[in-house]
Amino acid sequence: MEIKKAVIPAAGLGTRFLPVTKSMPKEMLPIIDKPVIHYVVEEAIASGIDDIIFVTGRSKRSIEDYFDESPELEMYLRQKHKDDLLKMVEDISSMVDIHYIRQKEPKGLGDAILTARKHISGEPFAVLLGDDLIVNKTPCTRQLIEVFNKYRCSTIAVEEVPQEKVSSYGIIKGTPLDECLYSLEEIVEKPSVKDAPSNIGAIGRYVFTPEIFDCIKMAGSGVGGEIQLTDGIRLLNDMQKVYAYKFAGKRYDTGDKLGYVKAIIDFAMRNEYFDQDLKAYLKTILGADC
Ligand code: G1P
C-alpha cells in the first residue's frame, strides 16, 4: 500500500520563539513571503501525500485560514485583474485535502500523533514536524517512503547533530546497513551529552506502520511528563524492525532563532527577483570578501 496520509503536529506552544508566538503560531512564521508550514505541506505533496491531518491546538486558527479559501481577497484580486496573485491565492486553498483535529492540551508529540489515529485507519503514514524545513530535489519524506516501500518498516530521518545539541533531539544508536541506512538499536529522548548513545539525531520526518499508535499508548508519559513519540518508537522497535535513514538534503531548524534566520538568508539568496541586489547589499555590510 502506497503511503498517502501524513500527520503534521502543530499544537506546540512555540516557547522557543516567544514573544512573537504569543499571538502567532510558530508554523506561520514567514520565510520571505510564505509561512514555514507552506513549505512543509509542499514537501508532503511532492512526496505523494494527498491527505493531511493537522493536529492543532488553541490559537492556531491562522493555519486553517491560510489553507482555506478567502472569498473577499479573491474577489478583490479578480476585480483588480491581479491574475497572478489571484492564482497564487487560489492554488494554496486547493493544494491538498486537509483535515484538522485539535489536541485539547499540549501533552507532547506522541499524544498529538495519537490524536490522529482514527483518521489514519490502520494504514502506514508519514509524520512531518512543522519546525523542520528541508530542501532537496527528492523531498525528505519521499526518501523515507522509498525506504518504506523497499523494506515495509517504519523509518525515521536522522542526521548528525553537534555534540552540544544532543539534548535537544531524540538520539539513536544504530547498526549501519549501508552508507545511509541504520537498523535502529536504541533511541533516547533528549539525553545529556554524557548519556547520549551517539550524536545522530532524529529530525522531524518519520514514516510509521500503524502499530506505532499502540506503542505510544503503551509508553505513557516520559521526559518532561509528556507523551513522547521517541518512547513509542522504542517500543515499536522491540516489536518490529525500525530503520533510521540519513536523508539527503539541507535542513533548517526554523523553530530555533538562528536556524530561522539562516533559512531566510538562504532562501533570499536564491530568490530570482532580488538575489543580485541582496548580494550587493551584503557586500556593503560585510566587506568585499563575502
Ligand atoms: C521532537 C522530538 C525529538 C526530535 C525533534 C526533531 O522534539 O521529540 O525526538 O529529535 O522533535 O526536531 P521537539 O523539537 O519537539 O522538542
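That block above? That's the structure.
A brief look at the structure comes next. Predicted model only: the values in this text are computed from it and were never measured.

1. What about the side chain of Arg251?
At step 1: Tracing the backbone through its elements, the reader meets Arg251 in strand β13 (residues 250-253).
At step 2: Engagement of the side chain of Arg251 in a polar contact is seen with the side chain of Asp132, the distance being 2.6 Å.
At step 3: Within the local environment of Arg251, its side chain forms a polar contact with the side chain of Glu159, the two groups lying 2.9 Å apart.
At step 4: The residues contacting Arg251, other than those within four sequence positions of it, are Asp132, Leu133, Ile134, Glu159, Tyr169 and Ile203.

2. Thoughts on the packing of helix α8 (residues 212-219) against helix α9 (residues 229-239)
At step 1: At a minimum axis separation of 8 Å, α8 and α9 run at an interaxial angle of 115 degrees. For the pair α8 and α9, the sense of crossing is right-handed. Each of Ile212, Cys215, Ile216, Met218 and Ala219 in α8 lies in contact with α9, whose residues at this interface are Leu229, Asp231, Gly232, Ile233, Leu235, Leu236 and Met239.
At step 2: The residue makeup of the contact of α8 with α9, split by class, is ten nonpolar, one polar and one charged.

3. Quick word on the side chain of Glu123
At step 1: Note on placement: Glu123 falls in the loop between α6 (117-120) and β6 (125-128).
At step 2: One polar contact links Glu123 to Lys5, side chain to side chain, over a distance of 3.4 Å.
At step 3: Apart from the residues lying within four places of it in its own chain, the contact partners of Glu123 are Met1, Lys5 and Pro210.

4. Focus on the site of the ligand
At step 1: The environment of the ligand is made up of 13 residues, and the closest members are Gly170, Glu189, Lys190, Ala202 and Thr230.
At step 2: Here an oxygen atom of the ligand and a side-chain polar atom of Thr230 are 3.3 Å apart.
At step 3: Across the complex, the protein chains shield 80% of the 380 Å² of accessible surface that the ligand would expose by itself.
At step 4: The greatest single-element share of the shell around the ligand, amounting to four residues, is contributed by strand β11 (residues 200-208).

5. Structural notes on the pairing of strand β10 (residues 181-189)
At step 1: As paired elements, strand β9 (residues 170-176) and β10 share seven bridges and run antiparallel to each other. Across the sheet, Pro176 pairs through a bridge with Tyr182, a residue of β10.
At step 2: The turn joining β9 and β10, which pair antiparallel and follow one another in sequence, is formed by four residues.
At step 3: With three bridges joining them, β10 and strand β12 (residues 242-246) adopt antiparallel strand pairing. What sits directly across from Ser183, in β12, is Tyr243.

6. Considerations on the nonpolar core
At step 1: In this structure, Ile8, Ile31, Ile49, Ile52, Phe54 and Phe67 are the most contacted members of the largest nonpolar core, which totals 49 residues.
At step 2: If you tally residues by element for this core, the top one is helix α1 (residues 36-46), at six residues.
At step 3: Counting 31 residues, the second largest nonpolar core, distinct from the first, contains Leu129, Tyr182, Phe213 and Ile216.

7. What to know about helix α4 (residues 83-93)
Turn by turn, an α-helix covers 3.6 residues, leaving residues three or four places apart pointing in a common direction.
At step 1: Here α4 has its buried residues at Leu86, Val89, Ile92 and Ser93. All buried residues of α4 lie within an arc of 130 degrees about the axis, which places them on one face of the element. Exposed positions of α4 whose direction lies more than 90 degrees from the buried face are Asp83 and Asp84.
At step 2: Buried residues along α4 sit against α1, α2 (61-67) and α3 (71-79).

About the criteria used
- Residues numbered from 1 in each chain as written.
- Predicted model: local features only at pLDDT ≥ 70, side-chain atom pairs only at ≥ 80, totals over all residues.
- Heavy atoms only, no water.
- Helix = DSSP H or I, 4+ residues; strand = E, 2+ residues; numbered from the N terminus.
- Polar contact = N/O pair within 3.5 Å; in protein donor to acceptor, adjacent residues only side chain to side chain.
- Contact = heavy atoms within 4.5 Å.
- Axes fitted to C-alpha atoms, helices over the stretch in contact; angles between N-to-C directions.
- Left-handed = near helix turned anticlockwise from the far one by under 90°.
- Nonpolar A, V, L, I, M, F, W, Y, C, P; charged D, E, K, R; others polar.
- Near = heavy atom within 4 Å.
- Areas by Shrake-Rupley, 256 points an atom, 1.4 Å probe, with all protein chains shown as cover.
- Pairing = 2+ DSSP bridges.
- Core = buried A, V, L, I, M, F, W, Y, C linked by side-chain atoms within 4.5 Å.
- Buried < 20%, exposed > 50% of the residue type's maximum accessible area, 1.4 Å probe, protein only.
- Arc of directions from axis to C-beta.

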